Amino acid sequence: MRIIIRALLSLSVPAITLRSRTMASTTTSIAENLKVVKKKVKFAATKRSPIYQHTEPRLLAVSKTKGVDLVIEAYDAGQRHFGENYVMELYDKAHDIELQDCCPDIKWHFIGHLQRNKVNKVLGMDDILIFSFIMSPRLYSLHRLFKTILLLSSKCSTCCIYLIFNVDIDNDNAKKPLKLYATNKSGCTPEEMVDLSKYIIEECPHLRLKGLMTIGVFDYDYSKGPNPDFQTLISLREEICNALNIPIEDMELSMGMSADFEHAIEAGSTNVRVGTTIFGQRIKKIESTPTTADSLVDTTQAQMMNVKLNIVLKMAQIDQS
């Protein structure tokens, strides 16, 4: 009996190798979803004004919280541009060996909050095409934003980074549910954007202002006409281009998500961000919950150590008796 117990104590926890996989949450495949979305994008583009026909709308597949397998599936279906909201999730995916092998032409877009301590992380990713900054006016003053931009510029002396800034447009605050509207209360105000654009052009030689981004008013009734938030962003682009002598075709408009991307394209959007319609409903990211294989291994090892400790204590009690 003592031999069996000591043999149990000498056992080591076997290595556990896990690969994070996300099961599709819809009955249709990602390829089928993409086909439908691309068809709608193409059709919507034919309905907009001739002045917006100078560029084809870019479809950005927002893959935040989705597994590498779903990104690869979308890539195999012809999608090339992908957007991520979290720096570390983008970093992990951009450095994933399987994803790199299967998706050599993938183009990443960072579309989230960029903290100064994460600048080095995002600059270490070769496949990032565009940074779309979302800055909270409550937590991020314009002065601190300038410092982050200048830091970003100084870190990429041999490269060129394209920026799209989120603009917080408050055209219909009273009609938006408070909780839903709060998620859009982040970004620069329209009044700040001319000064911000001028600062980038004059003080940041390695950065390029690529465009403007916003989230349209929630649940807007399009029978009343075009979305006022989209119209405001279009007017702001014109104001910036006129003030700084920028060709209008060089300034992108990132408007439209799963619920309104067709209307955004008709209004003039050059970049639509679609996630749920392609990948299905996403699971809310919970930072405090371990999700990696290493975390699971650590948990399993801790549980085994507790078992071993209990056995040792019982053996000591037997010896004392």
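Heads up: the structure comes first, above all this text.
All values derive from a computational prediction rather than experimental measurement. (Residues numbered from 1 in each chain as written. Predicted model: local features only at pLDDT ≥ 70, side-chain atom pairs only at ≥ 80, totals over all residues. Heavy atoms only, no water.)

A. Seen up close, unusual backbone geometry. With a phi close to 70°, Thr-65 is a non-glycine residue in the positive phi region. Residue classification places Thr-65 among the partly exposed residues on the basis of a relative accessible area of 22%. Of note in this structure, Asn-245 is not a glycine but carries a positive phi near 60°. Here Asn-245 is to be found in the loop between helix 10 (228-244) and strand 7 (252-254). According to the relative accessible area criterion, Asn-245 is exposed, its value standing at 71%. (Buried < 20%, exposed > 50% of the residue type's maximum accessible area, 1.4 Å probe, protein only. Helix = DSSP H or I, 4+ residues; strand = E, 2+ residues; numbered from the N terminus.)

B. Region of the structure containing the environment of Pro-57. By the secondary structure assignment, Pro-57 is in the loop between helix 2 (30-46) and strand 1 (58-62). Taking C-alpha positions, Pro-57 is 4.3 Å from Thr-270, a pair spaced 213 residues apart along the chain. Contact partners of Pro-57, with chain neighbours within four places excluded, come to Val-41, Ala-45, Arg-48, Ile-265, Ser-269 and Thr-270. (Contact = heavy atoms within 4.5 Å.)

C. Inspection of the packing of aromatic side chains at higher detail. In this structure the tally under the stated criterion is two aromatic pairs. Ring centres of Tyr-220 and Tyr-222 lie 5.0 Å apart, and the angle between their planes is 90°; this geometry places the pair in the edge-to-face category. Just above the ring of Tyr-75 sits the side chain of Arg-80; from NZ or CZ to the centre is 3.7 Å. A cation over a ring is seen here: Lys-210 above Tyr-162, with NZ or CZ 5.1 Å from the ring centre. (Phe/Tyr/Trp six-rings, centres within 6.5 Å; stacked < 30°, edge-to-face > 60°. Lys NZ or Arg CZ within 6 Å of the ring centre and 35° of its normal.)

D. Structural detail: the pattern of salt bridges. Counted under the stated rule, the structure contains five salt bridges. Where Glu-266 meets Lys-47, a salt bridge forms, and the shortest distance between an N and an O atom there is 3.4 Å. With Glu-266 in helix 11 (residues 261-267) and Lys-47 in the loop between helix 2 and strand 1, this pair connects stretches of sequence that are 219 residues apart. Residue Glu-84 pairs with Lys-93 through a salt bridge whose shortest N-O separation is 2.7 Å. What you see here is one network of salt bridges that share partners, running through Arg-58, Lys-210 and Glu-252. (Salt bridge = Lys/Arg side-chain N within 4 Å of Asp/Glu carboxyl O.)

E. Up close: helix 10. With 17 residues, helix 10 should cover 24 Å at 1.5 Å per step; its first-to-last C-alpha distance of 24 Å lies within 8% of that length. Listing the buried residues of helix 10 in full gives Asp-229, Phe-230, Leu-233, Ile-234, Leu-236, Arg-237, Ile-240 and Cys-241. When helix 10 is viewed along its axis, its buried side chains cluster within an angular range of 160° and face the same direction. In helix 10, the exposed residues that point more than 90 degrees away from the buried face are Asn-242 and Ala-243. In the core, the buried residues of helix 10 are packed alongside helix 9 (190-203), strand 6 (207-213), strand 7 and helix 11. You can read the cap of helix 10 off the contacts: a side-chain oxygen lies 2.9 Å from the backbone nitrogen of Asp-229, and it is on Asn-227. Positive backbone phi, at 60°, marks Asn-245, one or two positions downstream of helix 10. (Expected span 1.5 Å × (residues − 1). Arc of directions from axis to C-beta. Polar contact = N/O pair within 3.5 Å; in protein donor to acceptor, adjacent residues only side chain to side chain.)

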